[in-house]
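The residues making up each chain are set out below.
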Amino acid sequence: MQILTRRRAVGAVVALTTAALVAACSAGSGEDTGGARTDVVVGLTGEPTNLDFTTTSGSAIPQLLMNNVYEGLVTIDQEGEVQPQLAESWEVNGDRTVYTFTLHDGVTFSDGSSFTANDVVASIDRVKEDWTLSLKSKMDVVKKAEATSDTEVAVTLKHPSNAWLFDMGTSVGAMFPDDLSADLATETVGTGPYTVEEVATGEHIRLAARDDYWGEAPAIPEVTVRYFADANAQANAVRAGDIDMAYNLQTPDLLDGLEQDESLQVIDGTSNGEVLLALNNAAPPFDDLRVRRAILYAIDRKAVLDTAWAGHGELVGSMVPPTDPYYQDLTDAYPYDPDKARELLAEAGAEDLSITFDVPTRPYAEAVAQVVVSQLADVGIDATIVPAEFPAVWLDKVFTEHDYQMSVILHTEARDMLTIFGDPDYYIGYDNPRLAQAAEKADQASPDQYVAGMQEVARMIVDDAASAPLFLFPNTVVAAAGLEGVAANATTESMDLTGLRWSDG
Amino acid sequence: MARHLASHVAQLVATLLVATAAIFVLLRVLPGDPAVVALGIEASPEALAAWRAEHGTDGTLVAQYLEWVGGLLTGDLGTSYVTSQELTPLVADRVQVTGILVLLGMLIALVVAVPVGTLAAVWHRNAGGVTLSTVSQVGVAVPNFLVGVLLVALFAVRLGWLPSGGWVAPVEGFGEFWRHVLLPAVALGSVQAAIITRYVRSAVLEIMREDFLRTARAKGLTFTGALVRHGLRNAGVPIVTVVGVQIASMLIGAVVIERVFAVPGLGSLLLDSVGNRDLLAVQSIVAVLVVLVVLLNFLVDLAYTLLDPRLRRAS
């Protein structure tokens, strides 16, 4: 019988513990929040899973990379207007089907190769060929792209399109080298002022300014973007000064306290994110227009916004935010009117209606759902909340299988009204053949008629009460008082860091 | 020792087999297609099919299981479905972060619990003991994230002495490492301290009734001397047992603290991976956890034999 001696046992414990401690010395990797003002630390929730937005959906990747690491021929400014970026200028022919872009000279990619017209052609073609997201359909309108010289590109469209030039300022317009060999999931090759220096999963991504950037060098050479799994931790970090800027803050309850802190500035920027109470138009009871309208009358959106998001955000009547050119005020289309809702329900024979309400496990959705359920109860609708784990279960059940009656979700994509309501196979199931025609006509019309046409489309959707936009999500930014050049308006998915600088004081 | 080890290895293999098979099957029953989650709502059907082929999720379950277990045996956990990262270094890194946090938390807990629990037992008839006992009772009821939030509010936000969260590895700066690890370790340790205090108290109370303690006093030792030299050592066995169990539960339980303090630990990785339906990562983390827990039990067994010579012979 082997006897375990004390000495041996002690030895084993000590050896194992030492091994653990030695190994532990390389554990994790750290971040360096410093007082030196050549860097800035930005805090976000919602971490990118990798760096490739051409094959991975979700806004986290373009949010970090667009404008900072990748650039397009054009960019969308803080007011939602198209501005030149890699293209110095462009001309449009008479029937608005050929765009001729003149490129900036002396632009290089971060791998050292120079940016020419061939790269533009390759990037546009690549969207059509290699991208796997349905976002690629934004490039369907392009017939061909040709390099007419090293610095000139002619893009021919199948038909005039008002939406295309705007889309070129979003992630589909990002420019890559024509002989792209990098694995984009782990490496970036862009023309932007920053490169990705370090990715520490679960912690941060560090950007470093390039010294060979073609344009004006950013004032801050090093940007660390820290990712928080918990929104309160993000708010605490900016309060404690561990981060210099909390972008897209998700804790509206804490904003009062933050606003009183003199070392901080709180900016409610606009966004393209509409919180949508989605109704399944393809299934009972919401295949009945009267029931859908009843829902819209039954909901006091002001109360929803005040209760769920502490009043931060903006009421909207359609899926068009005020920064879009075809915005119109439709907030009065369905004023809060519980009596009218009850009337409509009675008319539809839907008194004592019981529905299920699939709520994704996201703070905004859970907060909104509680208020909506109590307001619906007032008009006699018994809505039962069914939590749907987000993203996995929600995507599967609601989005893919359309197995739901009512849900609530934040739609963040810019100019997404047609994506959501233009396709009968989309999860909303809104089927209006007139809509597709009107939308197509508007896109091909002159810019003025485009605005009028899109407004008509928006009104159609609202008339049909296809779903209930509740409010426009604010892009709340809390930054150190000395930080200037904060781009708080999320007019596209991009979080533009290039203008940040520290005030001299 | 060799036999002891062999039995533990056999136990490890058996546990691993059962655990890996169970977790593998359970994950595949969960709703949510990993391809859809990885590529997102904008992915085309062709892209989804290509993804499934690339990651082998279109093969039979048995083939998928065997491929994964084969990789496990060679220390290759594979590549994450979602992040395209190698899992082995990622998981190893997270194990170390959580390991440091849990061990430090437990150290803090023991430093508090052993003396406080002993005093609570010795004074169990007077006001002091009752007070200590009550405080520890309350401590057990306080959730550790609340302690975390309060610590952040006081030391990071109000006083600004320590960072509100984040992580710095020891190799990157020992001072910064301590500044970052202190609050989460205290938050984690304080609740454990309360729990272990309860166990220490009852173990010592038990010992105080034993004959050998009276014998020791009869030999001329003072009460304190007898308690420290003979009593605590005997009380050690149940305490070590509960410490082992607590450490095992803290490996994942620390996730709450990791979230509050933005610490990139194992629990956070597991939670994110479940959310992303990164099945390979989830399986791998659970397998690693099983190994860690079995290893922990082995250490607890070793500690028993250290504390109680009778157990050495019994084996």
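Residues numbered from 1 in each chain as written. Chains lettered and ligands numbered in written order. Predicted model: local features only at pLDDT ≥ 70, side-chain atom pairs only at ≥ 80, totals over all residues. Heavy atoms only, no water.

### A closer look at the pairing of strand β1 (residues 39-45) of chain A
Remark: a regular strand shows side chains that alternate across the two faces of the sheet. Residue and element names in this part refer to chain A. Burial analysis of β1 places 6 of its 7 residues in the buried class, which makes it a mostly covered element. Of the pairings in the sheet, the one linking β1 to strand β11 (residues 245-246) comprises 2 bridges and is parallel in character. Bridge pairing links Gly 43 to Ala 246 in β11. (Buried < 20%, exposed > 50% of the residue type's maximum accessible area, 1.4 Å probe, protein only. Helix = DSSP H or I, 4+ residues; strand = E, 2+ residues; numbered from the N terminus. Pairing = 2+ DSSP bridges.)

### Looking at the pattern of salt bridges
Residues and elements named next belong to chain A. A complete count under the given rule lists 15 salt bridges over all chains for this structure. For the salt bridge of Asp 358 with Lys 397, the shortest nitrogen-to-oxygen distance reads 2.7 Å. Of the two residues, Asp 358 sits in strand β14 (residues 354-360) while Lys 397 sits in helix α11 (residues 392-400), which places them 39 residues apart along the sequence. Across the pair Glu 484 and Arg 501 runs a salt bridge whose closest N-O atoms are separated by 3.3 Å. Of this pair, Glu 484 sits in strand β19 (residues 483-484) while Arg 501 sits in strand β20 (residues 501-502), and the two are 17 residues apart along the sequence. On the basis of relative accessible area, Glu 484 is assigned to the partly exposed category, the value being 34%. Arg 501 sits in the partly exposed class, given a relative accessible area of 39%. Three or more residues joined by partner-sharing salt bridges are found here, namely Glu 198, Arg 206 and Glu 222. (Salt bridge = Lys/Arg side-chain N within 4 Å of Asp/Glu carboxyl O.)

### Let's talk about the packing of aromatic side chains
What the rule picks out here adds up to 31 aromatic pairs over all chains. Ring centres 6.3 Å apart and planes at 15° place the aromatic pair Phe 24 of chain B and Trp 68 of chain B in the stacked group. Pair noted here: Phe 24 of chain B is in helix α1 (residues 2-29) and Trp 68 of chain B is in helix α4 (residues 61-73), with a separation of 44 residues, a long-range link. Judged by relative accessible area, Phe 24 of chain B falls into the buried class, the value being 4%. Taken together, the ring pairs in this structure connect Phe 390, Trp 394, Phe 399, Tyr 404, Tyr 426 and Tyr 427 of chain A into an aromatic cluster. It is Arg 37 of chain A that lies over the ring of Trp 502 of chain A; its NZ or CZ is 4.1 Å from the centre. The ring of Phe 166 of chain A carries Arg 415 of chain A above its face, with NZ or CZ at 3.5 Å from the centroid. (Phe/Tyr/Trp six-rings, centres within 6.5 Å; stacked < 30°, edge-to-face > 60°. Lys NZ or Arg CZ within 6 Å of the ring centre and 35° of its normal.)

### Structural notes on the sheet that holds strand β12 (residues 264-269) of chain A
Residue and element names in this part refer to chain A. Taken in spatial order, the 7 strands of this open sheet run β8-β9-β10-β1-β11-β18-β12, and their pairing is mixed. Of all strands in the sheet, those with a lone pairing partner are β8 (194-200) and β12, marking the two edges. Alignment of β11 against strand β18 (residues 475-480), held across 2 bridges, turns out to be antiparallel. Paired with Ala 246 across the strands is Val 478, a residue of β18. Contacts from helix α5 (residues 231-239) reach β1, β10 (222-228), β11, β12 and β18 within the one sheet, and its direction differs from that of β1 by about 155°. (Contact = heavy atoms within 4.5 Å. Axes fitted to C-alpha atoms, helices over the stretch in contact; angles between N-to-C directions.)

### Things to note about the sheet that holds strand β6 (residues 142-149) of chain A
Two orientations exist for strands paired in a sheet by backbone hydrogen bonds: parallel and antiparallel. Residues and elements named next belong to chain A. Here 4 strands make up an open sheet; going across it, the order is β4-β5-β7-β6 and the pairing antiparallel. The open sheet terminates on both sides in strands that have one partner only, identified here as β4 (87-92) and β6. Direction aside, the axes of adjacent strands within the sheet are offset by 20° on average. Relative to strand β5 (residues 98-103), β4 runs antiparallel, the two being bridged by 5 bridges. Pairing of Trp 90 across the sheet is with Phe 101, part of β5. Against the sheet, helix α3 (residues 117-129) engages β5, β6 and β7 (152-157), with an angle of about 165° to β6.

### Notes on unusual backbone geometry
Across residues other than glycine, the phi torsion is negative in most instances, and most of the peptide bonds are trans. A cis amide bond links Pro 284 of chain A to the next residue, Pro 285 of chain A, at an omega of 0°. Relative to the elements of secondary structure, Pro 285 of chain A occurs in the loop between β13 (274-279) and α7 (289-298). Positive phi, normally seen in glycine, also occurs at Ala 465 of chain A, with a value near 45°. Among the structural elements, Ala 465 of chain A can be located in the loop between α14 (447-463) and β17 (468-472). Positive phi, normally seen in glycine, also occurs at Ala 262 of chain B, with a value near 50°. With respect to the secondary-structure elements, Ala 262 of chain B resides in the loop between α11 (255-260) and α12 (266-275).

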